[in-house]
Amino acid sequence: VAAVVQDCVRVVAERGAEVIAASPPAMKQSRALFGRLFDTDGGAWVRRILKKIGTEELYPFLRWTDKPDSAPDAPASAFTVLLEEYEQFRSAMLEFLQHYDAILAPVHAHSALPHGELTSSDRSPAFSYAQTYNLTGWPSVVVRAGASEHGLPIGIQVVAQPWQEEVALAVALCIEESLGGWQVPPDFPAQPNM
């Protein structure tokens, strides 16, 4: 994954971008903050969605939400503290981004994994790259930028400043054109043209 990120850095540098290695300091908080926001109501939001679509069947990753509706939720005061921390995180991230046009980061710490392995609990820290930028709400584009030794795709996310979607799209297109873009992974049948 690190080699794929370096390939992307090389590609944008060859196209004239000034590349600086840096990491947002607030990124260290993102995984814990994401988890707290995700679970602040004990999974009631997931149960409401399932009920609206007429099912109670849970994907294994969502088993943590399988709680009785009578389970107590966090008090409003805890939620407002969490919202304050969330806004402080977003402000710190925006302060960092003011010095850059775009950020290149892995989507996940691993290449694509076999079905069912991605959401195992020991894999959850690898989601921190995507969680960080999901929390910001900034425009982000994900493209295939390389492959593992087994030919499984490795993605790169290009994140831009708020309201600068065209920057994220332009950088992603540059990477996609230079590094091959989407390809059928090994052991997957090619889909017919529709």
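The rules behind the values
- Residues numbered from 1 in each chain as written.
- Predicted model: local features only at pLDDT ≥ 70, side-chain atom pairs only at ≥ 80, totals over all residues.
- Heavy atoms only, no water.
- Helix = DSSP H or I, 4+ residues; strand = E, 2+ residues; numbered from the N terminus.
- Contact = heavy atoms within 4.5 Å.
- Areas by Shrake-Rupley, 256 points an atom, 1.4 Å probe, with all protein chains shown as cover.
- Polar contact = N/O pair within 3.5 Å; in protein donor to acceptor, adjacent residues only side chain to side chain.
- Pairing = 2+ DSSP bridges.
- Axes fitted to C-alpha atoms, helices over the stretch in contact; angles between N-to-C directions.
- Core = buried A, V, L, I, M, F, W, Y, C linked by side-chain atoms within 4.5 Å.
- Buried < 20%, exposed > 50% of the residue type's maximum accessible area, 1.4 Å probe, protein only.

### Digging into the overall build of the chain
1) Next: Looking only at helices and strands, the chain has 6 helices and 3 strands in total.
2) Next: Ordered by position from N to C terminus, the α and β elements of the chain give α-α-α-α-β-α-β-β-α.
3) Next: Taking contacts inside the chain between residues at least 6 apart in sequence as the whole, the part at least 24 apart equals 67%.
4) Next: Here the chain has roughly 12200 Å² of accessible surface; of this, 57% comes from carbon and sulfur atoms.

### So, the side chain of Ser-30
1) Next: The residue Ser-30 is located in helix H2 (residues 27-38) in this model.
2) Next: A distance of 2.5 Å separates polar atoms of two side chains, one belonging to Ser-30 and the other to Thr-132.

### Topic: the sheet that holds strand E1 (residues 102-106)
1) Next: Strand order in the open sheet formed by 3 strands is E1-E3-E2, and the pairing between neighbours is antiparallel. Either end of the sheet is taken by a strand with one partner, and the two such strands are E1 and strand E2 (140-147). Averaged over all pairs of adjacent strands, the angle between strand axes in this sheet comes to 25 degrees, irrespective of strand direction.

### Points about the nonpolar core
1) Next: Cys-8, Val-143, Ala-145, Ile-156, Val-158, Ile-175 and Leu-179 are the most contacted members of the largest nonpolar core, which has 19 residues in total.
2) Next: Of all the secondary structure elements, the ones that give two or more residues to this core are helix H1 (2-14), E2, strand E3 (153-160) and helix H6 (165-179).
3) Next: Among all residues touching Val-143, those that are not within four sequence positions of it are Ile-154, Gly-155, Ile-156, Ala-172, Ile-175 and Glu-176.
4) Next: Counting residues in hydrophobic clusters, the runner-up holds 15 residues, among them Ala-26, Tyr-86, Phe-96 and Leu-135.

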